[in-house]
Amino acid sequence: MASIGVIGLGVMGQNLARNIARRGFRVAVYNRTREKTETFVQQHPDPNILATYALEELTAHLERPRRLLLMVKAGAAVDALIAQVRPLLEPGDVLIDGGNSHFTDTERRQRELASDGILMLGMGISGGEEGALRGPSLMPGGPKEAYEMVAPVLEAIAARAHDGRPCVAYLGPGGAGHYVKMVHNGIEYALMQGIAEAYDLLRQVGGLDVDHLAAIFEEWNRAELASFLVEITAHILRVQDPQTGRPLVDLVLDRAHQKGTGKWTSQNALDVGVPVPTITSAVEARYLSALKEERVRASAALPGPAPEPPGGLHMIDQARAALFANMVVAYAQGMALLRRATAEYGYTYRLADVAAIWRAGCIIRAALLEDIRQAFDQAPELPNVLLAPVLRHALAERQQGWRATLIAGVHHGVPMPATAAALAYYDGYRSARLPANLIQAQRDYFGAHTYERVDRPGTFHTTWRPDVTM
Ligand code: NBP
């Protein structure tokens, strides 16, 4: 009998199954297409992996209550599989959806399965192929009793942070796990765009070649910017195309694709009224990149500033400062959204725990997350990461470089939407008074929407143009 079953032997399912088996759990696997299962067990023979070729066979070989991990393409495939496996399960069995499902789909499926007494967890998984095999970051949510039943397996396979803590925590009821994964991916978009902007500015305006840039990212990765995404950027910049001998990155088409989880973060942030402009700017930058043919035509039609000699070396330090600040703001916006979701959806995670389970295994792992974890550990009610003392000072020290970097982009016509959005967020958040007074006056002018005053309580309406009847 197996401790757990894995349905779906795509990249993630295969590597998670191997990870589970290596940790000493017997795992039964099943895939819709039989050949994939056969190839998998031929290539990775392991006495802890039991191949099955029908869902009936799979469910018959699981210890009761059953524990089943679904690793199939998010969307209709998950519903299709649930419909097939549901008649084979019994009350108390646990189904884990480890794909990138939308949290509202997860909550619907949990309600549907609850009528049969089947417990469903929605679990975000981050770390890609490598993480799935060696230790991912796991973000489970759903019925607490279901989590308790699978916790030993999840804790065994998860990545470990530098303090030895496994990168998994129970995040709350309903779709909490998939919600946290969605926000993780939104932050991922923002971090990637911030890195791309630093690379672009230093290349186009700084005049640095790819080798020099690789060395810069390697250096940055050794200090405050240490993170998976900065590290892989340095690796990418070192790779040469074997055919042409040119840096491979120069031959990659500049049209970014997406699977939609960044967009979901922005959509949800708009729904719950939390500003995440850096994340949204990163999603939109991918949309703009997709307009390749239009951009090529526009490049001949729309003038930019006259070219100037390359900027000085100080630009490198300024870009470093800007990238750090952009990263802090990306996490700040994600964390602010996660905080709002606790009130909005009843999720119970502590932000310190979310930061803790992102410290290793996942795509957005970064040294900075330990500072964020400590900040929320010491002050769980901290309204915004920007206010954490250690980060507040770090941003203050860097703000001149941050501003200079954006100014350089504007001056030289290099688009830096994430940097601009991050800095505007910082400036907006630190403004005791914003021009929303004028917005309110305009709303009251044309729509009699009323306004409040700074000098006395109450709701007011003014006839702003007594000479004009509206
Ligand atoms: P895919 O998302 O490409 O899914 C492939 C698996 O889904 C295969 O086993 C395939 O079976 C199965 N499948 C499909 Br498609 N439709 C099915 C259906 N109607 N019934 C049964 N099985 C079906 O693989 P993946 O990249 O391993 O990702 C799995 C999940 O994990 C996705 O939700 C993904 O978003 C998420 N995720 C991926 C990563 C990553 O780095 N790749 C990271 C984190 C999370 P077949 O072999 O018969 O076609």
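All values reported here derive from a predicted model rather than from experimental measurement.

Chemist: Can you walk me through the pairing of strand β5 (residues 94–97) in this structure?
Modeler: Along any regular strand, the residues point their side chains to alternate faces of the sheet. Residues Val94 and Ile96 point to one face of β5 and Leu95 and Asp97 to the other, with burial holding for every one of them. Sheet topology places strand β4 (residues 67–70) next to β5; four bridges connect them, and they run parallel. From the neighbouring strand, Leu69 faces β5, where its bridge partner is Ile96. As for the winding sense of the linkage, the β-α-β connection from β4 through helix α4 (residues 76–85) to β5 is right-handed. Where β5 lies against strand β6 (residues 119–126), four bridges are found, and the strand directions are parallel. Across the sheet, the residue bridging to Ile96 is Leu121, located in β6. Taken together, β5, helix α5 (residues 103–114) and β6 constitute a β-α-β crossover, and its handedness is right-handed.

Chemist: Would you mind showing me how to read the packing of aromatic side chains here?
Modeler: The description of an aromatic ring pair rests on the distance of the ring centres and on the angle between the ring planes. Counted under the stated rule, the structure contains twelve aromatic pairs. Plain terms: the ring middles of Tyr451 and Trp464 are 5.7 Å apart, the flat faces sit at 50° to each other, and that makes the pair tilted. In this pair, Tyr451 is assigned in the segment after α20 (436–447) and Trp464 in the segment after α20, connecting sequence segments 13 residues apart. Among the residues examined, Tyr451 registers a relative accessible area of 14% and is labelled buried. The structure contains a cluster of three or more aromatic residues connected by ring pairs, namely Phe103, Tyr179, Tyr345, Tyr347 and Tyr349. The ring of Phe324 carries Arg398 above its face, with NZ or CZ at 4.4 Å from the centroid. A cation sits over an aromatic face here: Arg453 above Phe460, 5.6 Å from the ring centre.

Chemist: I'm lost on the pattern of salt bridges in this one. Help?
Modeler: Side-chain pairing between opposite charges can occur once the charged atoms of the two side chains come close. Taken as a whole and assessed by the stated rule, the structure comprises 35 salt bridges. Across the pair Glu90 and Arg64 runs a salt bridge whose closest N-O atoms are separated by 3.6 Å. Here Glu90, found in the loop between α4 and β5, pairs with Arg64, found in the loop between α3 (55–60) and β4; they are 26 residues apart in sequence, far enough to count as distant. When its relative accessible area of 48% is taken as the criterion, Arg64 is described as partly exposed.

Chemist: Got a minute to help me understand the pairing of strand β1 (residues 4–7) in this structure?
Modeler: The two faces of β1 match: Ile4 and Val6 on one face and Gly5 and Ile7 on the other face are all buried. As paired strands, β1 and strand β2 (residues 27–30) are joined by four bridges and run parallel to one another. Looking across to β2, one finds that Ile4 is bridged to Val27. Note that the unit made of β1, helix α1 (residues 11–22) and β2 has a crossover that is right-handed. Both β1 and β4 contribute to a ladder of three bridges, which runs parallel. Across the sheet, the residue bridging to Ile7 is Leu70, located in β4.

Parameters and conventions
Residues numbered from 1 in each chain as written. Predicted model: local features only at pLDDT ≥ 70, side-chain atom pairs only at ≥ 80, totals over all residues. Heavy atoms only, no water. Buried < 20%, exposed > 50% of the residue type's maximum accessible area, 1.4 Å probe, protein only. Helix = DSSP H or I, 4+ residues; strand = E, 2+ residues; numbered from the N terminus. Pairing = 2+ DSSP bridges. Right-handed = clockwise from strand over helix to strand, strands pointing away. Phe/Tyr/Trp six-rings, centres within 6.5 Å; stacked < 30°, edge-to-face > 60°. Lys NZ or Arg CZ within 6 Å of the ring centre and 35° of its normal. Salt bridge = Lys/Arg side-chain N within 4 Å of Asp/Glu carboxyl O.

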